[in-house]
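# Close look at the chain arrangement
Each chain is listed here by its residues.
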Amino acid sequence: VVTARGAAEPVILTPATLPDATVGAAYAQALTAEGGKLPIVWSLEAGSTLPAGITLTGSTLSGTPTTAGVNTFTLVVTDVAGVTSEREFTLTVN
């Protein structure tokens, strides 16, 4: 589910689901946003936590996960006009 706040044109996030990660193995997943007015800034919603060892840099989740588990977090994109959109993701680390 994508939720838009603040203006008429929502920003849509992809991919639909994140591929699984493996403890101790490098992980990288590019994210894309469509719509809105460039530039787009990505962030982690307050209170959300990425899996241990994974970071969000620009529009890419990457790193080497250190702990197995199912992790749910919310990413937010904000365009230059201040329009925001958020999406909940789940990343399973095996």
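Just so you know, these numbers come straight off a predicted model, no measurement behind them. (Residues numbered from 1 in each chain as written. Predicted model: local features only at pLDDT ≥ 70, side-chain atom pairs only at ≥ 80, totals over all residues. Heavy atoms only, no water.)

## Focus on the nonpolar core
Here is the rule we go by: Buried Ala, Val, Leu, Ile, Met, Phe, Trp, Tyr and Cys residues form a nonpolar core when they are joined through side-chain atoms within 4.5 Å. Think of it in three bands: with a 1.4 Å probe and only protein chains considered, a residue is buried below 20% of the maximum accessible area for its type, exposed above 50%, and partly exposed in between. For the purposes of this entry, the term helix denotes a DSSP run of H or I that reaches at least four residues, the term strand denotes a run of E that reaches at least two, and both are numbered from the N terminus. In what follows, residue pairs with any heavy atoms lying within 4.5 Å of each other are defined as contacts.
Membership of the largest hydrophobic core comes to 16 residues, with the highest contact counts inside it found for Leu-18, Tyr-27, Trp-42, Leu-61, Phe-73 and Leu-91. Among the elements of the structure, strand S8 (69–78) and strand S9 (84–93) are those that each provide at least two residues to this core. Residues in contact with Trp-42, not counting those within four places in the same chain, are Leu-13, Leu-31, Thr-32, Ala-33, Leu-56, Gly-58, Ser-59, Leu-75, Val-76 and Val-77.

## Some words on the side chain of Thr-74
For Thr-74, the position within the fold is in strand S8. Non-local contacts of Thr-74, meaning those with residues more than four positions away in its chain, are made with Ser-43, Leu-44, Glu-45, Ser-48, Glu-86, Arg-87 and Glu-88.

## A look at the confidence of the model for the chain
The cut-off we apply is this: Confidence of the predictor in every single residue is expressed as pLDDT, which spans 0 to 100.
When pLDDT is averaged across the chain, the result is 89; 88% of the residues are at 70 or more. Mean pLDDT values over the elements of the chain span from 50, in strand S1 (residues 2–5), up to 98, in strand S6 (residues 54–57).

## A short note on the sheet that holds strand S3 (residues 27–30)
What counts is decided by this rule: Only strands that DSSP links by at least two bridges are regarded as paired with each other. Between N-to-C directions, angles span 0 to 180 degrees; the directions come from axes that are lines fitted to C-alpha atoms, helices contributing only their stretch in contact.
Read from one edge of the open sheet, three strands run S3-S7-S6, paired in antiparallel fashion. Edge strands, defined here as strands with exactly one partner in the open sheet, are S3 and S6. Across the sheet, the mean angle from the axis of one strand to that of its neighbour is 20 degrees, orientation sign disregarded. Two elements, S3 and strand S7 (residues 60–63), share four bridges in a ladder whose sense is antiparallel. Note on S7: the bridge partner recorded for Ala-30 is Thr-60.

## Some words on the packing of aromatic side chains
Aromatic rings in a pair are described by how distant their centres are and how their planes are angled relative to each other. Note the threshold: Aromatic contacts are taken between Phe, Tyr and Trp rings whose centres are within 6.5 Å, Trp giving its six-membered ring; a plane angle under 30 degrees counts as stacked, one over 60 as edge-to-face, and the others as tilted.
Tallied over the entire structure, the rule returns one aromatic pair. Aromatic side chains Phe-73 and Phe-89 sit 6.4 Å apart centroid to centroid with 25 degrees between the ring planes, which places their arrangement in the stacked category. Of this pair, Phe-73 sits in strand S8 while Phe-89 is found in strand S9, placing the two residues 16 residues apart along the sequence. Here the two residues Phe-73 and Phe-89 agree in accessibility, since each one is buried.

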